[in-house]
Amino acid sequence: SYYMNQVWQELDENPSLRGIAIRYPWKELEPEKGVYNFTNIDKHLATLKTKGKHLIVLIEVKSFKPTEFDVPSYIRTAEYEGGTFPHGKNGVVKGHNAKLWNAEVYARYAALLTAMGKHLDAHPNFEGIGLQETTYGTPIKPLTLAQSNGYYDNLLKLNRTLGTAFPNTMAYQLANFPRPFN
């Protein structure tokens, strides 16, 4: 694409840049339950390898458009309690986030991270993997204390999964807000 061609050119023109970070939505990486698609990551890694550069991946599960979902469509079913919740401001939906407090949603996300680790951890140009921001946004319908605690508890467990799945790779959490203060 035109955009990526520009990125590659800028990398070539700026030798001080060691690589790039790219965001990938969960729905792209697991289009169907248990079916993983790392094609774009592999293509980006192949290009970066020729340039002697590295890739950092950030996994997206929270969208910022009212009609966009970054989780796979199978997650948005009754089996996963709809899988997402809307967030926004003044009752206006700004996007959707994963219901990480749901044990089944958490388990599928952890399975994705484990599969990614098996596929990517040994690649010499794979520099790091991170999870999206810690805030869940402002839910249109307020979360219960159990949901909020479950969200953060499972987010911490996902970070431990990253450490296990990627023993040779920098794993990180993009932290922008802690648990709400009371």
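Anything mentioned here points back to the structure above.
All residue numbers refer to position in the chain's written sequence, counted from 1. Predicted model: local features are reported for residues with pLDDT of at least 70 only, side-chain atom pairs are reported and counted for 80 or more only, and whole-chain, interface and lining totals are derived from all residues. The side-chain quantities take in all heavy atoms of the structure and omit both hydrogens and water.

Chemist: Outline the packing of aromatic side chains, listing residues and values.
Modeler: Pairing of aromatic side chains here covers Phe, Tyr and the six-membered ring of Trp, requires ring centres within 6.5 Å, and sorts the geometry by plane angle: under 30 degrees stacked, over 60 edge-to-face, intermediate tilted. A complete count under the given rule lists nine aromatic pairs for this structure. Judged by centre distance (5.0 Å) and plane angle (80 degrees), the ring pair of Tyr136 and Tyr151 falls under edge-to-face. Here Tyr136, found in the loop between strand S5 (126-131) and helix H5 (145-165), pairs with Tyr151, found in helix H5; they are 15 residues apart in sequence, far enough to count as distant. Grouped by ring-pair contacts, the aromatic residues Phe85, Trp101, Tyr136, Tyr151 and Tyr152 constitute a single cluster. Two thresholds decide whether a charge sits over a ring: the Lys NZ or Arg CZ must be within 6 Å of the ring centre and within 35 degrees of the ring normal. The ring of Phe69 is capped by Arg76, whose NZ or CZ atom sits 3.8 Å from the centre of that ring. It is Lys157 that lies over the ring of Tyr106; its NZ or CZ is 4.8 Å from the centre. Numbering of helices and strands runs from the N terminus; a helix is a DSSP stretch of H or I covering at least four residues, while a strand is a stretch of E covering at least two.

Chemist: Describe the nonpolar core, and please don't skip the residues or the numbers.
Modeler: Inside soluble globular proteins, nonpolar side chains tend to come together where they are buried. Ile20, Trp26, Ile41, Leu55, Val57, Tyr109 and Met116 are the most contacted members of the largest nonpolar core, which totals 46 residues. Counting residues per element, this core draws most heavily on helix H4 (residues 103-120), which supplies nine residues. Apart from residues lying up to four places away in sequence, Ile20 is in contact with Met4, Val7, Trp8, Leu11, Leu48, His54, Leu55 and Ile56. Here, the term nonpolar core denotes a set of buried Ala, Val, Leu, Ile, Met, Phe, Trp, Tyr and Cys residues that are joined through side-chain atoms within 4.5 Å. Partly exposed residues are those whose accessible area sits between 20% and 50% of the maximum for their type, while under 20% is buried and over 50% is exposed, using a 1.4 Å probe and protein chains only. Note on definitions: a residue-residue contact is assigned when non-hydrogen atoms from the two residues lie within 4.5 Å.

Chemist: Lay out the pairing of S5 with the relevant residues and their values.
Modeler: Of all the six residues making up S5, five are buried; the element is thus mostly covered by neighbouring parts of the structure. Only strands that DSSP links by at least two bridges are regarded as paired with each other. As defined by bridge partners, strand S2 (residues 54-60) adjoins S5 across five bridges and the pair is classed as parallel. Along S5, the bridge assignment pairs Ile56 with Gly128. When S5 meets strand S6 (residues 170-173), the two strands line up parallel, connected through four bridges. In the sheet register, Leu131 faces S6, and the bridge partner there is Gln173. Crossover handedness is defined by viewing with both strands directed away from the observer: a clockwise path from the first strand over the helix to the second marks the crossover as right-handed. The parallel pair S5 and S6, bridged by H5, forms a crossover whose chirality is right-handed.

Chemist: Go over empty space enclosed by the protein, please, and point to the residues and values.
Modeler: A cavity here means a set of 1 Å grid points, computed over protein atoms only, where a 1.4 Å probe fits but cannot escape. A pocket is an open set with protein on both sides within 12 Å along at least 5 of 7 lines, and lining residues have an atom within 4 Å of a point. Grid points are joined across faces, edges and corners, and a volume is the space filled by probe spheres set on the points. Counted by the stated rule, this structure contains one cavity of 30 Å³ or more. Counted as a void, the largest cavity has a volume near 60 Å³. Surrounding the largest cavity, Val61, Asn97, Leu100, Tyr109, Leu131, Gln132, Glu133, Tyr151 and Leu155 form its lining.

Chemist: Describe in detail unusual backbone geometry, supporting the description with residues and values.
Modeler: With the exception of glycine, most residues fall at negative phi, and the peptide bonds are largely trans. At Glu81, a position not held by glycine, the phi torsion is positive, near 55 degrees. You will see that Asn90, though not glycine, has its phi angle at about 55 degrees, which is positive. Here Asn90 is to be found in the loop between strand S3 (84-89) and strand S4 (92-98).

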